[in-house]
Amino acid sequence: MTESKRVEALESADRQTQEFLAVLAHELRNPLAPIANALTLLARKPTTDPAEIWVREVLTRQTGQLGRLVEDLLDVSRITRSALVLDRRPADVRAILRHAADASMQWFDERRQSFSISLPEERLMADVDEVRLSQITQNLLHNAAKYTPDGGTVELGARREGVEIVIRVRDNGIGMTPELLSSAFELFKQAQQGLERAQGGLGVGLTLVQRLVGMHGGTVQARSEGPGRGAEFIVRLPLRAEPAIVRPQAERPATSGPAGGARRRILVVDDNRDAAQALRLLLESDGHEVQVASDGPAGLAAARQYRPGVALLDIGLPKMSGYELAQRMREDPALKGTLLVAVTGYGQMHDRARASACGFHHHLVKPVEFGALQQLLRETV
Ligand SMILES: Nc1ncnc2c1ncn2[C@@H]1O[C@H](COP(=O)(O)OP(=O)(O)OP(=O)(O)O)[C@@H](O)[C@H]1O
Ligand SMILES: [Mg+2]
C-alpha cells in the first residue's frame, strides 16, 4: 500500500468512527428522554416503602449518569464535526459558577467531601455560552469529586487577573502523574484503571472541557504535584473588554396556583409514543389538558380540531416533518393564537434559525427537561 493510500484509509476509518459515535450517541439519547420523564412522574407518587424509595433513587441517579455520558459523547462528536456552535452573550461568570456548583452538590454529598466556593465582590463579565461554561465547570467538579477519596475537599474559585478571568478547581485527591498530566486532555485518555474500572467514565470529559474553553478563546491547564497530592485545573477566559450594558430582565409577575401556572390546552406531537405518553401524564398531573398525535398529518388534524393553546412538536416526524407541520399550522388562521414549540434532538443554532423561520416561537432540546417546559408554560401565559 502506498503512503497516500494508507493515509486515505486511516482518514476514512476515522470518519467512520466519528459517524458511528454521532449515531450511537443520538440513538442512545432518544430512549433516555421518556425514561427520565417517566421517573419524574413516578417521583410524584408518594411512597413510604423503603425498597421502592431506594429503587427510585437508583434509577434516577443512574439515568442521570447515563444521560451525562451520552451528552458528552454527542458534544465531542459535534465538536469534531464542527457542528457545535456557541451561543455567546455577556454574562457574569460568578452566577454561572454558583449554578454549576449547586448542580454538583450531590457528588460531594455522596462522598461526604467538603466543598467550598470563593468568588470576588466584583462582577466577572465575559462573553460566554452559559450552558457550555456550566458544563465545563461541572465536568471539572465531577472529576474532582470522582478522583478524591471520601471525606476529601474540593475548592472552586474565580478571580480577575489582568485581562483574564481565572477559574480554579482544586482537590486534595489521588493526583496525577506527569505522564497523565501531559495526556489527560486527549480523547478517551484515562489513567490506568484496574479491570473492575471502579472509576468508570469514557475519558471524554477533559477533551470536551479543553475544546469548549478553546472555543471561548481561553485555555485550560492541569497541575498536580504527583500521585496522592491532589490536582488543580485552571481555566483562563478573556474578560469582556468594554463595560457591559446591563439589560434589565423583563419583569414577570410571579405566578401562583398549580406548579405549571395557568391551565393550558396542549398538543404533543411525537412519534416516540413513550416520550409522548410520559409528557402527557406529567402535563396532566400539572393540571393541563393534553392531546397526543404521533405523526405530522395526524398532528395537523388534531390541531385543527382541538385548537391547542400550546403545541409541542417533535421535528423528526413520519410523513410530514415538524417544520412543515409548523408552517401548515401557521397558515391556518384558526390557529393564530397557538404557541409553537419545537422539540428536537439537535441543539445547534442553525436548527433554531430554521425552527423560527418555520414559525416556531420556542425551541426545546431533547431530552426535554420537564422543569424547563414548566417554566416556558408559566412564562408564556
Ligand atoms: N481531579 C483529578 N484528579 C486526578 N485525576 C484526574 C482528575 N481529573 C481527571 N483526572 C484523570 O484524567 C483522566 C481523564 O479525565 P476525563 O474527565 O477526560 O475522563 P473521565 O473522568 O475518566 O471520564 P468521563 O469524564 O468521560 O466520564 C481521568 O480518567 C483521570 O485519570
Ligand atoms: Mg471526567
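The structure presented is a predicted model; accordingly, all values stated were derived computationally and were not measured. Throughout, residues of each chain are indexed from 1 in the direction in which the sequence is written. By the order in which they are written, chains take letters starting at A while ligands take numbers starting at 1. Restriction of local features to residues with pLDDT of at least 70 applies here, the model being predicted, together with a cutoff of 80 or more for giving and counting side-chain atom pairs; totals for whole chains, interfaces and linings are based on all residues. As a rule here, side-chain values cover all heavy atoms of the structure and leave hydrogens and water aside.

**Regarding the domain arrangement of the chain**
Just so we agree on the cut-off: Boundary definitions for the domains trace back to an automatic or database domain assignment. We call two residues in contact whenever any of their non-hydrogen atoms come within 4.5 Å of each other. Using a 1.4 Å probe, buried area is obtained as the accessible area two parts lose upon being combined, added over both of them. Here a salt bridge means any side-chain nitrogen of Lys or Arg lying within 4 Å of a carboxyl oxygen belonging to Asp or Glu. In protein, a polar contact means a hydrogen-donor-capable atom and an acceptor-capable atom, both N or O and within 3.5 Å, with residues adjacent in sequence counting only if both atoms are side-chain atoms; elsewhere, any N or O pair within 3.5 Å suffices.
Domains assigned within the chain are domain 1 (3-80), domain 2 (89-190 + 202-238) and domain 3 (265-379). At the junction of the two partners, domain 1 supplies twelve residues and domain 2 supplies 16 residues. Summed over both partners, the interface of domain 1 with domain 2 buries about 1100 Å², with 67% contributed by carbon and sulfur atoms. Broken down residue by residue, the surface that domain 1 buries against domain 2 is led by D72, V76 and I79, which jointly contribute 45%. Taken together, domain 1 and domain 2 are joined by one salt bridge. For D75, the salt bridge identified is with R132, shortest N-O distance 2.9 Å. Viewed at the interface, domain 2 and domain 1 are joined by two residue pairs in polar contact (both at pLDDT 80 or more).

**Some details on the site of ligand 1**
Definition in use: We call a residue near a molecule or strand whenever a single non-hydrogen atom of that residue lies within 4 Å of it. Surface accessibility follows the Shrake-Rupley procedure with a 1.4 Å probe radius. Residue values consider only the protein chains on display as shielding. Starting at the N terminus, helices and strands are each numbered in turn, a helix being any DSSP run of H or I of at least four residues and a strand any DSSP run of E of at least two.
The environment of ligand 1 is made up of 21 residues, and the closest members are N143, Y147, D171, Q190 and L206. Here Q190 contributes a side-chain N or O atom positioned 2.5 Å from an oxygen atom of ligand 1. Surface burial for ligand 1 is 97%, taken as the share of its 590 Å² of free accessible area covered by protein chains. Looking at the shell around ligand 1, the elements with two or more residues in it are α4 (130-146), α6 (205-215) and β7 (231-238). Residue contributions to the shell around ligand 1 peak at three residues, all from α4.

**A short note on α6**
To keep things clear, this is the line we draw: Here's how the labels work: a residue is buried when its accessible area is under 20% of the maximum for its type, exposed when over 50%, partly exposed in between, all with a 1.4 Å probe on protein chains only.
Listing the buried residues of α6 in full gives G205, L206, T207, L208, V209, L212 and V213. Contacts made by the buried residues of α6 are with α2 (50-80), α4, β6 (219-223) and β7.

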